[in-house]
Amino acid sequence: MNSRMLAIGIMAALLSTMPARAQEKVFVIRHADKETGKPDPALTDAGRERASNWAGLLINAGIDVVINTDARRSRETGEIIARSLDADRDEVPVADLAALMDLMTFDYSEQTVLVVAHTETIPGILGNMGVSETIELAEDDYANLFLVAKPGGNDVTFVHLRMP
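Residues numbered from 1 in each chain as written. Predicted model: local features only at pLDDT ≥ 70, side-chain atom pairs only at ≥ 80, totals over all residues. Heavy atoms only, no water.

1. Thoughts on the confidence of the model for the protein
Low pLDDT marks stretches whose predicted atomic positions should not be read closely.
Phase 1: The predicted model of the protein has a mean per-residue pLDDT of 88, with 87% of residues at 70 or higher.
Phase 2: Confidence drops under pLDDT 50 across residues 6–21; counting only partners more than four residues distant or on other chains, this segment forms 19 contacts. (pLDDT = per-residue confidence, 0-100. Contact = heavy atoms within 4.5 Å.)

Right under this line is the structure:
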């Protein structure tokens, strides 16, 4: 087993044993690899494979719901992962951070959530959950996994991992 996958599994297990309270943990990824040069691009074959790999990596993370944007690449990534994890799925407009935060705060406040977002929206999402680190993502980088434990609280825990 890959040592990174083992570390992620151990962290997910530890975080899932914390005492229950609202919105205990949120995972955030960027949509998987997309086609280039097209409006509202679909995933590439490599992107569909990456989305399946994300699902395999997150299988024991206890994800209840996947929230993706209405952009095709995010929707496809979210559908693949939600189907593999047998999780619910919801959707928000691509640039509507307020709608996303409302869903997490009111509709899914006691569930473990995976957010499938975009290069330009991930920093704002993390910032709204209380992450103070500056996050910069390259346009061709699809390998980041962000975990925010106790988002919005005084004792936010932030972990930034990369899929091999």
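After that view, the rundown keeps rolling.
2. Quick look at the pattern of salt bridges
Phase 1: According to the stated counting rule, one finds 13 salt bridges in the structure shown.
Phase 2: A salt bridge links Arg72 to Glu76, with the shortest nitrogen-to-oxygen separation between them at 3.1 Å. With a gap of 4 residues between them, Arg72 and Glu76 both fall in helix α3 (residues 72–85), about one helical turn apart.
Phase 3: What makes Glu76 buried here is its relative accessible area of 15%. (Salt bridge = Lys/Arg side-chain N within 4 Å of Asp/Glu carboxyl O. Helix = DSSP H or I, 4+ residues; strand = E, 2+ residues; numbered from the N terminus. Buried < 20%, exposed > 50% of the residue type's maximum accessible area, 1.4 Å probe, protein only.)

3. As for the packing of aromatic side chains
Any two aromatic rings considered together are summarised by their centre-to-centre distance and by the angle between their planes.
Phase 1: Going through the model one piece at a time under the given rule, you end up with 1 aromatic pair.
Phase 2: A centroid spacing of 6.0 Å and a plane angle of 10° characterise the contact between Phe146 and Phe158, whose relative ring orientation is stacked. Of this pair, Phe146 sits in strand β5 (residues 144–149) while Phe158 sits in strand β6 (residues 157–162), placing them 12 residues apart in sequence.
Phase 3: Phe146 sits in the buried class, given a relative accessible area of 0%.
Phase 4: By relative accessible area, Phe158 is classed as buried at 19%. (Phe/Tyr/Trp six-rings, centres within 6.5 Å; stacked < 30°, edge-to-face > 60°.)

4. A look at the environment of Asp33
Phase 1: Mapped onto the elements of the fold, Asp33 is located in the loop between β1 (25–30) and α2 (45–57).
Phase 2: A C-alpha to C-alpha distance of 6.4 Å links Asp33 and Tyr142, two positions 109 residues apart in sequence.
Phase 3: Apart from the residues within four sequence positions on either side, Asp33 is in contact with Ala42, Leu43, Thr44, Ala46, Gly47, Arg50 and Tyr142.
Phase 4: A polar atom in the side chain of Asp33 sits 2.6 Å from the side chain of Arg50. (Polar contact = N/O pair within 3.5 Å; in protein donor to acceptor, adjacent residues only side chain to side chain.)

5. Points about the packing of α2 against α3
For any two helices packed against each other, the geometry is given by the interaxial angle and the distance between the axes.
Phase 1: As a packed pair, α2 and α3 sit with axes 9 Å apart at the nearest point and diverge in direction by 35°. Seen from above, α2 lies across α3 with right-handed handedness. Between α2 and α3, the residues in contact are Arg48, Ala51, Ser52, Trp54 and Ala55 and Glu76, Thr77, Ile80, Ile81, Ser84 and Leu85, respectively. (Axes fitted to C-alpha atoms, helices over the stretch in contact; angles between N-to-C directions. Left-handed = near helix turned anticlockwise from the far one by under 90°.)

6. Focus on the pairing of strand β2 (residues 65–69)
Phase 1: With 5 of its 5 residues buried, β2 lies for the most part within the structure.
Phase 2: A two-sided burial pattern is seen for β2, the buried positions comprising Val65, Ile67 and Thr69 on one face and Val66 and Asn68 on the other.
Phase 3: By the bridge criterion, 5 bridges tie β2 to strand β3 (residues 88–92) in an arrangement that is parallel. The residue of β3 that forms the bridge with Val65 is Asp88. (Pairing = 2+ DSSP bridges.)

7. Focus: the sheet that holds β6
Phase 1: Strand order in this open sheet of 6 strands is β3-β2-β4-β1-β5-β6, and the pairing throughout is mixed. Since the sheet does not close on itself, it has two edges, and those belong to β3 and β6, each with one partner. Strand-to-strand twist of the sheet, defined as the mean angle between neighbouring strand axes without regard to direction, takes the value 20°.
Phase 2: The strands touched by α3 within the sheet are β1, β2, β3 and β4 (113–117), with β2 carrying the most contacts at an inclination of about 170°.
Phase 3: Contacts between helix α4 (residues 97–107) and the sheet are confined to β1, β2, β3 and β4, with β3 contributing the most and set at about 150° to the helix.

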